[in-house]
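# Notes for the structure review
Listed below are the residues making up each chain.
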Amino acid sequence: MELLRTNDMCVTFGGLRAVDNVSFHVEEGKIVGLIGPNGAGKTTFIDGITGFVPTTGSIKFLGKEISGMPAHKRARIGLGRTWQSLELFEDLNIEENLQVAAEDQSVLGFLADLVMPQRKRSKQDVDFALDALGLRGLAHRLPTEISQGQRKLVSTARALAARPQLLCMDEPAAGLDTNESQELGSRMRGIVDEGITIFLVDHDMGLVLNVCDYIYVIEFGATIAQGTPDEVKRDPRVIEAYLGSSAEAPE
Amino acid sequence: MNERTATTYLRVLVYGVAGAILVFLLINKEYRTQFLSGSGIAQGALIGAIALGVVLTYRGSGVVNFANGAIAMYVAYQYAVLRATGKFFLPPLPNPLKPIEGIFGVKMPNIPVALTIRNAGLAFWPALLISLGFCVLLGLGLHFVIFRPLRHAPPLAKVVASVGLFVFLQAAVIRRFNTTPQATPPLPTFKNTTQVHIPFNKWTLFTISADQLFVAVIVIVFAVALWLVFQYTRFGLATRAAAENEKGAVVLGFSPDFLAGTNWVLSTVITGLLGILVASTQTFVDPVGLVVLIVPALTAALLGSFSSFGRTTAAAFVLGMQVQVVQYISTKSWFPKSSATAWPGFEFLVPVVAIVLVLFLAGASLPTRGAITSGRLPFSPTPPKWSVRYGGPLLAIVIALAGLFFFSPLYRGALTETLIGAMICLSVVVITGFVGQISLAQLSFAGIAAYTVSKLSYEHGWPFPWPILVGAGAATLLGLVVALPALRVRGVNLAIITLAFAVAVDKVVFGNTSVTGGYVGPLVKTPSWIDPNNAGRYHFLGLTAGDGLQPNPMTGLFCLVVLVILCYLVANMRRSTTGRQMLAMRSNERAAAATGVNVSGTKILAFGVSAFIAGIAGGVIAYRTPGGVGADQFNYTASLVFFAFAYLGGISSVSGALAGGMLVPGGLLFIFLQDKLGVPSEMTLVLGGAGLVLSAILNPEGIAGGLARDGKRLLMRIRARARPPAPDEPVAVPVTTQGTA
């Protein structure tokens, strides 16, 4: 089933087209990758899908048009994301970070909480996310007290705690060494087995080529290639964009 | 039409209307004489003087100085006293020897009140030079003692420090001289007020006295000079570079620290000098009227984007000159009336409208500084289970027993003040502590509720508890209005908006005698069991509460019950989904939105809850004061003062609000200090202002946060000593900003 489809999506900043007429789609149960050189518009693309920059063109999620919908509503209908800069809630402990994502609040719920706060409402989702990334032991620590690698896992766990249909991950491997990157890859496979589709944006060609089922390549905001990892690896335009004219197989 | 073009049209519309009004004021002879009056222009010069200092400080150090009006007032006072008596007065500071005097009954020396320079009034030049010398010291002091240590602190801490400075300077002058205006002698060459006619094409455009013209020209000259300095000197270039990027200034060979300090000194000297000159044309200076000009001055600075000296000065003159026009219009028969006189205070609405238009519609805002690091807000701990289940109830029972059976009348009165103060502090905790939005208008919400209670209970005869709820509802609505600008702006901008709003409500609503019941204040029909004037005794279970003296011990009990309910609601909210969403939003708005938090909705909710709590407090104040609340209880200074004490107590937790309540004027702590140690009660605000500044620098988590942190460390140390740590157990004790209250 098709989860997300964009048609001619554009993002403009003043005179600059950061995302230029990109049409792509994500199938359920897959890991779809987006790669491109620095400044190609990868993060802007995620921002556009998740509602953090205004876009033109169409974005359909689960068959429903979502362009113009505020970011928090997109998150609630199952479009989760992580940030390259992590953006953890520094004042809340790890468990509470996850609870924020897992719990929705209504006016009635607010009034009920004033009388009797329900602390365990989201326990299942939070536990699922903690276990998926092996963070059980850190639940009551503050983000300032854990290592950078652990913070990266928390940022993914927080997105998972909302039980998204589609998880957009912005550069999750940035700053990880090869071993950590491979471990991340296997964790992503585990997440997909839980029924969550992943849209992965990353620099790390090794990770993207290893885990993705389908890959889009963009440069200067426009799609230049797409296909399975093998097809993309051989595409001359990709090799040019990534490595200049001296073509060598990417790591 | 998309949002961007809509904003453009709106901007054109707003500027067009503003321009049309200006043209009308200049063309129409009737209004022109008002608009171009000498006193209006002098007022504009004064606002300009304060605004130039604000812009200079902001460009130099990134601090929005809410205290600049107070600085102008303080220096002008200093000068006026030197001219009158030849004495250089010193700020009143607590005498550390005083407690010894109180306890042992030995007479100890007092701190000197003033330095006598000459036993008669000084002439113009010596007085001016001494005052300016003081300005230099003040500027250096402000930089090195207060704002340099705060340079990497979050904007909240800087606002808090400058609000503390505001409270301290004003309280210091009021403590020395009451609110009596101090006469300012005319400037030496302008002893005779000659009128100057400014010609335009054969006829007189307007008439102005020579000294007023002089100060207006001086202010303009300073604006031009500052522009030239910033445009063409290396120093100005480096300051501009530092505002963009602190490393940039280092490359130019200036330390950002040196630049900030120099700009502070420049700012205090210019503000002081211009303040003295303009005050001299106005024949007197008083500690209230001059200080409030910070609101139009901040408005002018905003209109100049906190960077343009020219636009700032022009806006300041217009904001000063509009006062005469508005006051003239209010003499017209069609102007809204209250108690048969013109509805007062509309000239204070103009800055609010200007600020809202500029910030909200035109989308302008303070340029943000590229500081190298910026700190975080004080940590907000989740209330632990034991404090909600046992600590809170135990504390409430102890207070109830003390208030009913043990406290003398003096302490019973103080207890009510503390409990009510804690309610107001609680409202600050919700909006500033949990959500990180600075509201300087909390007492406006309380005041609206108090006046609503008075109307309903006294004029419409509503029975006891209901007016409080309706009043709190009215306050909540007002809170939602203030929340709207908060959706677009945050941080210091919001603090400016709420301050302007508080001043407008203060002047327009609370200054209106048909709303407030004149000098008496709002009367309330209080049930006799709450009435503090009811010197009753109460018997239950064989015990007697009350000693047959005023105030009624049940008043305190009533306040306690309300406070306990509010504390529980807030603690529950903090422990629930809503509380976590608020904290998440405080940490990081876009990440909160990405995890599904409705940022706008949560902000509006927080403003509503905060205004509701302040409204309940206002209702309680009304019932506690059946004979009419003093109008100044709800003015904008009161909002600043309570904000100060809330921050001192601890801005981010319920226990912090309780600590804040202990500190408020007339509350338990200061009554204790006065009663047992002989510290005069007027020192409350002086100490509070100074304490706020110190707290912002040294202990941003407030008294409650600090105590909790120290307690936790102590507990950990005891535990660590009791048993050796297991090998795999993390031993690191969080020492930075963690604590549990």
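Residues numbered from 1 in each chain as written. Chains lettered and ligands numbered in written order. Predicted model: local features only at pLDDT ≥ 70, side-chain atom pairs only at ≥ 80, totals over all residues.

## Considering the overall build of chain A
The number of helices and strands found in chain A is 10 helices and 10 strands. The C-alpha atoms of chain A give 19 Å as radius of gyration, which agrees with the globular expectation for 251 residues (18 Å, within 12%). Across chain A, contacts joining residues at least 24 apart in sequence account for 65% of those joining residues at least 6 apart. (Helix = DSSP H or I, 4+ residues; strand = E, 2+ residues; numbered from the N terminus. Rg over C-alpha atoms; globule rule 2.2 N^0.38 Å. Contact = placed C-beta atoms within 7 Å.)

## Details of the overall build of chain B
Along chain B, the regular secondary structure elements total 29 helices and 10 strands. Counting all 741 residues of chain B, 52% fall into the buried class. Sequence separation of 24 or more characterises 79% of the internal contacts of chain B that already satisfy a separation of 6 or more. (Buried ≥ 20, exposed ≤ 12 C-beta atoms within 10 Å, placed from the backbone.)

## Structural notes on the nonpolar core
In this structure, Met423(B) and Leu426(B) are the most contacted members of the largest nonpolar core, which totals 302 residues. Not counting chain neighbours up to four residues away, the residues in contact with Leu426(B) comprise Leu566(B), Cys567(B), Val570(B), Ile613(B), Val654(B) and Ala657(B). (Core = buried A, V, L, I, M, F, W, Y, C linked by C-beta atoms within 7 Å.)

## Section: the interface of chain B and chain A
Facing 29 residues of chain B, the contacting portion of chain A comprises 32 residues. The greatest single-element share of the side of chain B that touches chain A, amounting to eight residues, is contributed by helix 22 (residues 577-587) of chain B. Along the lines of polarity and charge, the residues of the side of chain B that touches chain A split into 11 nonpolar, 13 polar and five charged. (Nonpolar A, V, L, I, M, F, W, Y, C, P; charged D, E, K, R; others polar.)

## Digging into the domain arrangement of chain B
Residues and elements named next belong to chain B. Annotation of chain B at the domain level lists domain 1 (36-85 + 127-361) and domain 2 (385-642). Taken residue by residue, the interface counts 26 residues in domain 1 and 23 residues in domain 2. Looking at the side of domain 1 that touches domain 2 residue by residue, the class counts come to 22 nonpolar, four polar and no charged. (Domains from an automatic or database assignment.)

## Some words on the sheet that holds strand 10 (residues 222-227) of chain A
All names here are of chain A. Within the open sheet, the six strands sit side by side as 6-7-8-3-9-10. Their pairing is mixed. Edge strands, defined here as strands with exactly one partner in the open sheet, are strand 6 (79-81) and strand 10. Pairs of neighbouring strands in the sheet enclose a mean axial angle of 20°, with direction left out of account. Examined bridge by bridge, strand 6 and strand 7 (residues 166-170) share three bridges and lie parallel to one another. Bridge assignment links Leu 79 to a residue of strand 7, and that residue is Leu 166. Against the sheet, helix 1 (residues 42-50) engages strand 3 (31-35), strand 6, strand 7, strand 8 (197-201) and strand 9 (214-219), with an angle of about 150° to strand 7. (Pairing = 2+ DSSP bridges. Axes fitted to C-alpha atoms, helices over the stretch in contact; angles between N-to-C directions.)

## Some remarks on the domain arrangement of chain A
All names here are of chain A. By the assigned domains, chain A splits into domain 1 (1-78 + 164-251) and domain 2 (88-162). The interface is formed by 13 residues belonging to domain 1 together with 10 residues belonging to domain 2. Among the elements of the structure, helix 2 (71-76), strand 7 and helix 7 (178-193) are those that each provide at least two residues to the side of domain 1 that touches domain 2. Top contributing element to the side of domain 1 that touches domain 2 by residue count: helix 7, with four residues. Classifying every residue of the side of domain 1 that touches domain 2 by side-chain character gives seven nonpolar, two polar and four charged.

## Topic: the sheet that holds strand 5 (residues 64-65) of chain A
All names here are of chain A. Here four strands make up an open sheet; going across it, the order is 2-1-4-5 and the pairing antiparallel. Strand pairing shows two members of the sheet lacking a second neighbour, strand 2 (16-27) and strand 5, which therefore form its edges. The pairing of strand 4 (residues 56-61) with strand 5 spans two bridges and is classified as antiparallel. Within the sheet, the bridge partner assigned to Lys 60 lies in strand 5 and is Glu 65. Sheet contacts for helix 1: strand 1 (2-13), strand 2 and strand 4; angle to strand 2, the most-contacted strand, approximately 65°.

## Here we look at the environment of Leu692(B)
Residue and element names in this part refer to chain B. Secondary-structure assignment places Leu 692 in helix 28 (residues 683-698). We classify Leu 692 as buried; it has 28 C-beta atoms within 10 Å. As for Leu 692 and Phe 645, which are separated by 47 residues in sequence, their C-alpha atoms are 7.4 Å apart. In this structure, Leu 692 is in contact with Val 160, Val 163, Gly 164, Val 167, Ala 644, Tyr 647 and Leu 648, ignoring residues within four places of it in sequence.

## A closer look at the packing of helix 8 (residues 210-232) of chain B against helix 11 (residues 256-281) of chain B
Residue and element names in this part refer to chain B. Helix 11 packs onto helix 8 with a crossing angle of 165° between their chain directions and a minimal axis gap of 9 Å. Between helix 8 and helix 11, the angle falls in the class roughly antiparallel. Crossing of helix 8 over helix 11 shows left-handed handedness. Here Asp 211, Gln 212, Val 215, Ile 218, Val 219 and Phe 222 of helix 8 come into contact with helix 11, specifically with Ile 270, Leu 274, Leu 277, Val 278 and Thr 281. (Parallel < 35°, antiparallel > 145°, perpendicular 65-115°, else oblique. Left-handed = near helix turned anticlockwise from the far one by under 90°.)

## Points about the pairing of strand 1 of chain A
Residues and elements named next belong to chain A. Sheet topology places strand 1 next to strand 2; eight bridges connect them, and they run antiparallel. The residue bridging Val 11 from the neighbouring strand is Val 19, located in strand 2. The antiparallel hairpin formed by strand 1 and strand 2 contains two residues in its connecting segment, where Gly 14 sits at a positive phi of about 60°. Where strand 1 meets strand 4, five bridges bridge the pair, whose relative direction is antiparallel. Directly across from Leu 4, in strand 4, lies its bridge partner Phe 61.

## Notes on the confidence of the model for chain B
Residue and element names in this part refer to chain B. For chain B, per-residue confidence averages 81 on the pLDDT scale, and 88% of positions sit at 70 or higher. Segment residues 370-374: pLDDT under 50, and 10 contacts once partners within four positions in sequence are set aside and those in other chains are kept. Of the regions scoring below 50 in pLDDT, residues 725-741 engages in 28 contacts with residues more than four places distant in sequence or in other chains. At the level of chain-chain contacts, confidence expressed as ipTM amounts to 0.90, with global pTM at 0.87. (pLDDT = per-residue confidence, 0-100.)

## Side note on the packing of helix 17 (residues 442-459) of chain B against helix 25 (residues 636-649) of chain B
All names here are of chain B. Look at helix 17 against helix 25: their axes get within 7 Å of each other, and the N-to-C directions meet at 120°. Judged by the inter-axis angle, helix 17 sits oblique to helix 25. Only Ala 638, Ser 639, Phe 642 and Phe 643 of helix 25 make contact with helix 17, whose side of the interface consists of Gln 442, Leu 443 and Ser 444. Split by residue class, the contact of helix 17 with helix 25 holds four nonpolar, three polar and no charged.

## Comments concerning the environment of Met683(B)
Note on placement: Met683(B) falls in helix 28. On the basis of neighbour counts, which here come to 21 C-beta atoms within 10 Å, the residue Met683(B) falls in the buried class.

## Considerations on the pairing of strand 3 of chain A
Residue and element names in this part refer to chain A. For strand 3, the buried fraction is high: five of the five residues fall into the buried class. Alternating residues of strand 3 divide into Ile 31, Gly 33 and Ile 35 and Val 32 and Leu 34, and every residue in both groups is buried. Here strand 3 pairs with strand 8 via four bridges, running parallel. Bridge assignment links Gly 33 to a residue of strand 8, and that residue is Leu 200. Bridge count for strand 3 against strand 9 is four bridges, and the pairing is parallel. Considered in strand 9, the bridge of Gly 33 is made with Ile 215.

## A short note on unusual backbone geometry
Of note in the backbone geometry, Glu171(A) takes a positive phi value of approximately 50° without being a glycine. A residue is classified by how many C-beta atoms lie within 10 Å of it, and Glu171(A), with 19 of them, is partly exposed. Its identity is not glycine, yet Thr283(B) carries a phi of approximately 65°, on the positive side. With respect to the helices and strands, Thr283(B) occurs in the loop between helix 11 and strand 6 (284-285). On the basis of neighbour counts, which here come to 11 C-beta atoms within 10 Å, the residue Thr283(B) falls in the exposed class.

## Quick look at helix 15 (residues 385-406) of chain B
Spacing of three or four residues puts side chains on the same side of an α-helix, whose turn is 3.6 residues. All names here are of chain B. Helix length check: helix 15 (22 residues) gives 30 Å between terminal C-alpha atoms against 32 Å at 1.5 Å per residue, within 8%. Of all bends in helix 15, the biggest is about 35°, found at Gly 391, and the proline Pro 393 comes one to four residues later. Those residues of helix 15 lying buried are Ser 387, Ile 399, Gly 403 and Leu 404. (Expected span 1.5 Å × (residues − 1). Bend = angle between axes of the 7 residues up to and from the residue.)

## Section: the confidence of the model for chain A
Mean pLDDT over chain A works out to 86, with 96% of the residues at or above the 70 mark. Overall, residues 245-251 of chain A carries pLDDT values under 50, and its contacts beyond four positions in sequence, including any with other chains, amount to seven contacts.

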